[in-house]
Amino acid sequence: MTLTNMFLKQLEQESEVTRKMLSIAPADKFDWQPHPKSMTLGKLATHIAELPGWITTAIETDGLDFAVNQRGSETISSHSGLMEFFEKELARGRASLQNATDADLLPNWTMRKGNYIISVRSKEEVVRMCVNQIIHHRAQLGVFLRLLNVPIPGSYGQSADELGM
């Protein structure tokens, strides 16, 4: 199996779980945050929804400069808008993986803010990090939802809520 096919398979598997989690994010609580240093629920959900599109950025560019490109500036205020945004970004990430070869994942990709270099990694590592970030932030969303007493769907099996625990 090629790396691109492996990432595509993982993206599809994780998107099913992500879709379930995003689908229960209550829009009337998008401004809620559990701590002043935390993102709001809406910002976190939007960030999760945008992450599949970062795969496209990783594959099709040599890097990202936050001094020039402000990723994460999307503002979504409705549940339907969140789901549409996720599906759009998922389609972008999926298409990029389908059109890429393993050789396309070899060059380095640089994340920076102006002259400050945040990281230099191979595009393969960046794509892996994108998928890992989806999982990481989705787990954060689960904690936010739990704190709001929203029943949590299972990720890799049934949740305690689904089991009636």
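Coordinates for the structure precede this section.
Attention here is on the structure that accompanies the text.

Conventions used here
- Chains are numbered independently. Their residues run from 1 in the order of the written sequence.
- In view of the model being predicted, local features appear only for residues whose pLDDT reaches at least 70, and side-chain atom pairs are presented and counted only at 80 or more, with totals across whole chains, interfaces and linings using the full set of residues.
- No hydrogens and no water enter the side-chain calculation; it runs on all heavy atoms of the structure.
- Only DSSP runs of H or I reaching four residues or more are called helices, and only runs of E reaching two or more are called strands; each is numbered from the N terminus.
- Relative accessibility decides the category of a residue: with a 1.4 Å probe and only protein chains considered, values under 20% of the type maximum give buried, values over 50% give exposed, and everything between is partly exposed.
- Contacts: residue pairs with any heavy atoms within 4.5 Å of one another.
- Stacked, tilted and edge-to-face are the three classes assigned to paired rings of Phe, Tyr and Trp, where Trp is represented by its six-membered ring and a pair needs centres within 6.5 Å; plane angles under 30 degrees give stacked, over 60 edge-to-face, the rest tilted.
- For this document, the term salt bridge refers to a Lys or Arg side-chain nitrogen within 4 Å of an Asp or Glu carboxyl oxygen.
- Here a helix's expected span is defined as the number of its residues, less one, multiplied by 1.5 Å.
- Note: two strands are recorded as paired if DSSP finds a minimum of 2 bridges between them.
- To obtain an axis, a line is fitted to C-alpha atoms, over the contacting stretch when the element is a helix, and the angle between two such axes runs from 0 to 180 degrees between their N-to-C directions.
- Only buried residues count toward a nonpolar core. Its members are Ala, Val, Leu, Ile, Met, Phe, Trp, Tyr and Cys residues joined through side-chain atoms within 4.5 Å.
- Two axes enter the bend calculation: one fitted to the seven residues ending at the residue in question, the other to the seven starting there, and the bend is the angle between them.

With that out of the way, let us pick up the side chain of Thr 56. Relative to the helices and strands, Thr 56 resides in helix H2 (residues 41-60). A relative accessible area of 6% places Thr 56 in the buried class. If near-sequence neighbours (up to four positions away) are discounted, Thr 56 is found in contact with Thr 61, Arg 92, Gly 93 and Ser 96.

Taken as a whole, this structure holds two aromatic pairs when the rule is applied. A ring pair is formed by Trp 32 and Phe 144, whose centres lie 5.8 Å apart and whose planes are at 85 degrees; its orientation type is edge-to-face. With Trp 32 in the loop between helix H1 (3-23) and H2 and Phe 144 in helix H4 (residues 123-147), this pair connects stretches of sequence that are 112 residues apart. On the accessibility criterion, Trp 32 (25% relative accessible area) is partly exposed.

Within the structure shown, the criterion is met by seven salt bridges. The salt bridge involving Arg 19 is made with Glu 87; its shortest N-O contact spans 2.5 Å. With Arg 19 in helix H1 and Glu 87 in helix H3 (residues 79-99), this residue pair connects regions lying 68 residues apart in the sequence. By relative accessible area, which is 27% here, Arg 19 ends up partly exposed. Look at the salt bridges and you will find they share partners, linking Lys 88, Glu 89 and Arg 92 into a network.

Take H3 next. Taking 1.5 Å of rise per residue, the 21 residues of H3 would be expected to cover 30 Å, and the 30 Å separating its terminal C-alpha atoms lies within 8% of that figure. If you check which residues of H3 are buried, you get Gly 81, Leu 82, Met 83, Phe 85, Phe 86, Glu 89, Leu 90, Gly 93, Ser 96 and Leu 97. Here the buried face of H3 lies against H1, H2 and H4.

Within a beta sheet, neighbouring strands are joined by backbone hydrogen bonds and run either parallel or antiparallel to one another. A sheet is described by the order of its strands in space; here three strands give the open sequence E1-E2-E3, paired in mixed fashion. Only two strands of the sheet have a single neighbouring strand rather than two, namely strand E1 (63-65) and strand E3 (116-122). The sheet shows a mean angle of 10 degrees between the axes of neighbouring strands, taken without regard to direction. With six bridges connecting them, strand E2 (residues 108-113) and E3 associate as antiparallel partners. Bridging across to E3, Lys 113 finds its partner in Tyr 116. Packing against the sheet, H4 makes contact with E2 and E3, and its axis sits at approximately 100 degrees to E3.

In this structure, Leu 22, Ile 55, Leu 82, Leu 97, Val 127 and Leu 141 are the most contacted members of the largest nonpolar core, which totals 40 residues. Looking at this core, the elements that each hand over two or more residues are H1, H2, H3, E2 and H4. At 10 residues, the largest contribution of residues to this core is made by H2. The contacts of Ile 55, once residues within four sequence positions are left out, are Leu 11, Gly 93, Leu 97, Val 127, Cys 130 and Val 131.

Once that is clear, we can look at H2. Here H2 is 20 residues long and its end C-alpha atoms lie 30 Å apart, about the 28 Å a rise of 1.5 Å per residue gives. Roughly 40 degrees is the biggest bend found in H2, and it falls at Pro 52. With 18 of 20 residues buried, H2 is to be regarded as a mostly interior element.

The values are spatial; any link to function lies outside them.
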